[in-house]
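Structural features, examined
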Amino acid sequence: MRFRKFFRRSKWDRERFEEIESYVRIETDENIARGMPPAEAQDAARKKFGNITLVREEIYRMNTASFLDAMSRNLRYGLRALNRNRTFTAVALLTLAIGIGANTAVFSVVNSVLLKPLPYPKPEDLVAVRQTAPGAAGLGSISDGLRISGSMYFTYAEQNHTFQSLGVWFPNLVNVTGLAEPEQARGLLVSDGVLQTLAVPPMLGRWLSEVDQKPGNPDTMILSYGYWRRHFGEDRSVIGRKLMVNARPREIVGVMPENFRFLNLNVDMIAPLALDRRLLSLPGFAFQSIGRLKPGVTIEQANADLTRLLPVWMESWPFQGNPHLYDSWKITLGIRPLKQDVVGNVSGILWLVMGTIGIVMLIACANVANLLLVRADARQQELAIRAALGAGWGRIVRELLLESVLLGLIGGALGIGVAEEALRVLVATGPASLPRLAEISLDGRALLFTLAVSLLSGLLFGLIPALKYAGPRISLTLQGALRSAGRTASVSRERHRARNILVVAQVALALVLLVCSGLMIRTFQALRHVEPGFAHEHLQTVRIFVPVPSLVREPEQVTRLQNAVLDKFAAIPGVTSVACESSVPLEGIEPDWDGISVEGQEAREGEVPPLRRFKYVSPGVFQTLGTKMIAGRDYTWVDLYGRRPVAIVSENLARELFGSPTAALGKRIGTRVPGTGFREIVGVVQDVRENGVQEAAPETVYWPLLMANLYRPGQPQIIDVVTYAIRSERAGTEAFVSQLRQAVWSVNSNLPLAAVRTMQEVYDQSMAQTSFTLIMLAIAGGMALVLGLVGIYGVMAYSVSQRTREVGIRMALGAQPGAVRGMFVRSGLMLCGIGVAVGLVAAAALTRFMASLLFGIQPFDPLTYAATALILLTAALTASYVPARRAASVDPIEALRSE
């Protein structure tokens, strides 16, 4: 009831006032009727009623909420105070908007990537089935653990006791024809159980069923919402239509909803994996796996459940040799939450960026606190007079805090606009390696974060001036302020102490951020100077898939078609060399791998030779990529078409197996499969950093693009997907890509180009995560440096303004302008020096957490620390010199006259 009256208190007061006036008039009329003169009658009526103002105030107090009323008055007063000091308000709001906006933007990224649950029903039950094989030497440098084989999937899916559903999946590229120009789309092969695990029903049509997974049944597929919209214009009658995929018709049975995303993949179409049990054996570790746990089942229980099935798997499927060979691999289940699998190793980077932007917020708060200190210093007389008139220190503190909180809230509102623009740029330009990039948005949780930061920052930077100038010692402040009224006495050190401490804190925090930025810059430079094993300038790459047998029936014709495309590319003007291989360096495509045996050194029964990366290459690939031939020769087309038993190895593999590159020539190597023969090493090439310039080059065997099958004697090895590397100064131009496309279509009109990128783009993409971290830290460091310098400049400028009389006296007594300048510059450098010392200690303690992000440099790099300290001191010298120069130009007579 009282709160309802609170919002109607003005109307209530007016009605009560009218009643009082009515009573006074009635009493006045009665007094006049008794014979009193009108003036005396009215005075007598008012005396009889009492103090009308006190009565009105009592009625007003009884019909309002005192706390809300006080807050309402303070709020209006605070807004008027901010409006009176528009320059101060604008500078403070700009500082806060940038600081809060940056924090909101980064928190939105952290929230969307790390904190927000995956967009699937009951995401806490979803897991990724991961395996490690610590006994399989060399596997760690090839892939992220040991993937699932087809036979493993059937064993795990059919005999587990802990999963509601379990499935495997494999990304692939598909050729789509019949719509417009041939194009290569992003496909996804899924077993039964994958879509059931994610539990997101199609928007149109149905899921892929168990019937779709049976080999020999009609081919079906589900479209993504984006592909359906782009190619079918959101036509809802698309269900049942057929699309030519890899030269075979596939029936469209469903369309996924708009917000569906398969983990981190951009998928155009989903097709059944259709594994044939009759063709499976123990190996074939090609698939990734996801599952949904039964209610109440823990990851530890699921690990134990699948671990007990490993012996069952080894005993249940065919294998050339002893199936318990895999016991020596020490296969270990490492099931983990699906969210952890999706996010990957980016969490450390994001939390680091969040921490650095938080430090920028602290520096911004220190800057605004300094502004408020200056403003409160100028308002001392006002505060003293209010205290003398009876305002308690609690009320004055409350009003000052309300002003600062108002600044924080308005700055937060402006910061939301800054955050929206920052996120728009981030989503448009962010690295593709950043998981859940498409999900990043400014949601309710981010808005609550902004509100919390705004309130906390308002309280943080408002408490310092409020307690300093309106605390329990306000009586002393009152005496000093009234005593100094009308003159500008020299300012004591005590009055500068709080501002100086804030500047020292700003400099220290800025140095920490600059050291972090410097370490990342040095890391980036170190990565740029790494020899990757190839030359990425002026190199165009395109990927082409030749479906077998739907497009080309004879296996050897695949290589001949690829050779014909190479010839067409070579004939394009400006092309200096061209070749192809199963994947170019840094492309991120999962390689083939297996154990390598040396003739005469075959592994004993039960032993597994070290696992090494396999690549399949055409003649001329090393010359085209710029990879040096260390010893021996390259392949020729005679080697390929004659299926000669030859091989080329990387330098590190040659040294591992034979001691030196030259010693490897003429030696013979083979796979672990008995009866597949050995191949003579005819060349040794430079090591290539296939997984990124920050990763060591893996030991690699380069097999010919066409050769006898490594596992099935008498059959050819078919490499139906290859990446072409074309060296030309025209690489990357639209005209050049168009000529490449026409060249391919002149060989076969059903072959689309995919992954059309320059090698420079591939190289830059591999550095994207480091570049992202560097840019974010550089932005934070730059903001911190600017804010720190603004703090130093502000303190020195205010000091000059307050010490004008002192400077005038000094100069009147003979002080030279240079000495005056030096006095203020030394003061600024002293503050900066203390801040640098504190910052160096803090940086040494904090940067050790960056060790995993650094390359070729230690967290305690002396050059970085020295350079950042020098930069700060130099900048502080500049920031101090400007107000010092103004102080030295003071006219002594004018300064003394103004007093």
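Residues numbered from 1 in each chain as written. Predicted model: local features only at pLDDT ≥ 70, side-chain atom pairs only at ≥ 80, totals over all residues. Heavy atoms only, no water.

Topic: the overall build of the protein
So the rule is basically this: In DSSP terms, a helix is any run of H or I states spanning at least four residues, a strand is any run of E spanning at least two, and both are numbered starting from the N terminus. We call a residue buried when its accessible area falls under 20% of the maximum for its residue type, exposed when it is over 50%, and partly exposed in between, using a 1.4 Å probe and counting protein chains only. Whether two residues are in contact is decided by their heavy atoms: any pair within 4.5 Å suffices. Accessible surface is estimated by sampling points in the Shrake-Rupley manner with a 1.4 Å probe; for residues, cover comes only from the protein chains shown.
For the protein, the helix and strand inventory stands at 30 helices and 24 strands. Across the 899 residues of the protein, 51% fall into the buried class. In the protein, once contacts between residues fewer than 6 apart in sequence are set aside, the share between residues at least 24 apart is 81%. By element, 58% of the accessible surface of the protein is carried by carbon and sulfur atoms, the whole surface being about 40600 Å².

Considerations on the nonpolar core
Selection criterion: In this description, a nonpolar core means a group of buried Ala, Val, Leu, Ile, Met, Phe, Trp, Tyr and Cys residues linked to one another through side-chain atoms lying within 4.5 Å.
Of all hydrophobic cores here, the largest spans 161 residues; its most connected members are L350, L407, F569, I669, W703, Y724 and I726. Considering each element in turn, this core owes the most residues, 17 residues, to helix α13 (residues 347-378). Sequence-distant contacts of Y724, that is, excluding residues within four places in its chain, are made with Q540, T541, V542, I544, Q562, V565, L566, F569, A579 and C580. Counting 56 residues, the second largest nonpolar core, distinct from the first, contains A136, L223, L275 and M314.

Quick look at the packing of aromatic side chains
Going by this rule: Aromatic pairs are defined between Phe, Tyr and Trp rings, using the six-membered ring for Trp, whenever the two ring centres lie within 6.5 Å; interplanar angles under 30 degrees are classed as stacked, those over 60 as edge-to-face, and all others as tilted. As a reminder, the over-ring test applies to NZ of lysine and CZ of arginine, requiring each to be within 6 Å of the ring centre and within 35 degrees of the ring normal.
Throughout the structure, instances matching the rule amount to 18 aromatic pairs. Taking the centre distance of 5.1 Å and the plane angle of 45° together, the rings of Y153 and F154 count as tilted. Residue Y153 shares its accessibility class with F154, and that shared class is buried. Ring geometry for F285 against W329: centres 5.7 Å apart, planes inclined by 40°, an arrangement best described as tilted. Here W329 lies in the loop between α11 (310-316) and β12 (332-333) and F285 lies in strand β11 (residues 285-293), a separation of 44 residues in the sequence. Its relative accessible area of 3% is what places W329 among the buried residues. Joined through ring pairs, the aromatic side chains of F285, W313, F319, Y326, W329 and W593 make up one cluster. Across the ring face of F154, the terminal group of R277 is positioned such that the distance to the ring centre comes to 4.1 Å. The ring of Y641 has R560 lying over it, and the distance from NZ or CZ to the ring centre is 4.1 Å.

Considerations on the pattern of salt bridges
When charged atoms on two side chains of opposite charge get close, those side chains can pair. What counts, and what does not: Any Lys or Arg side-chain nitrogen found within 4 Å of a carboxyl oxygen on Asp or Glu counts as a salt bridge.
Across all of its chains, the model carries 27 salt bridges by this definition. The shortest N-O distance in the salt bridge between R560 and E556 comes to 3.0 Å. Taken together, the residues R560 and E556, both in helix α19 (residues 555-570) and 4 residues apart, mark about one turn of the helix. For R560, a relative accessible area of 36% puts it in the partly exposed group. For R668, the salt bridge goes to E599, with nearest N and O atoms at 2.8 Å. Of this pair, R668 sits in strand β20 (residues 668-671) while E599 sits in the loop between β16 (592-598) and β17 (611-617); the two residues are 69 residues apart in sequence, bridging distant segments of the chain.

As for the side chain of S151
The test is simple: Throughout this description, a polar contact denotes any pair of N or O atoms lying within 3.5 Å of each other; where both atoms belong to protein, one of them has to be capable of donating a hydrogen while the other can accept it, and for residues adjacent in sequence the pair is counted only when both atoms sit in side chains.
In this structure, S151 sits in helix α7 (residues 150-159). Within the local environment of S151, its side chain forms a polar contact with the side chain of S149, the two groups lying 3.1 Å apart. Reaching out from S151, the side chain makes a polar contact with the side chain of W313 at a distance of 2.9 Å. Look past the residues within four positions of S151 in its chain and what remains in contact with it is L280, S281, L282, W313 and W317.

Section: helix α25 (residues 759-766)
Put simply, the rule reads: Along the arc lie the directions from the helix axis toward the C-beta atoms.
The set of residues buried in α25 consists of M759, V762 and Y763. Take α25 and look down its axis: the buried residues cluster within an arc of 100°, on one side only.

What to know about the packing of α19 against helix α24 (residues 734-747)
Our working definition: Only the contacting stretch of a helix is used when fitting its axis, a line to C-alpha atoms as for every element, and angles between N-to-C directions run 0 to 180 degrees. Every angle not falling under 35 degrees, over 145, or within 65 to 115 is termed oblique; those three ranges are roughly parallel, roughly antiparallel and roughly perpendicular. Here is the rule for handedness: rotate from the far helix to the near one, and if that takes an anticlockwise turn smaller than a right angle the crossing is left-handed, while a clockwise turn gives right-handed. Ten residues, namely Ala, Val, Leu, Ile, Met, Phe, Trp, Tyr, Cys and Pro, are considered nonpolar, four, namely Asp, Glu, Lys and Arg, are considered charged, and the remaining ones, Gly among them, are considered polar.
For the pair α19 and α24, the least separation of the axes is 9 Å and the interaxial angle reads 140°. As judged from the angle between their axes, α19 and α24 are oblique. Of the two possible hands of crossing, α19 and α24 adopt the one that is right-handed. Together, L561, A564, V565, K568 and F569 of α19 and L740, A743, V744, S746 and V747 of α24 make up the contact between the two elements. Residue composition of the contact of α19 with α24, grouped by class: 8 nonpolar, 1 polar and 1 charged.

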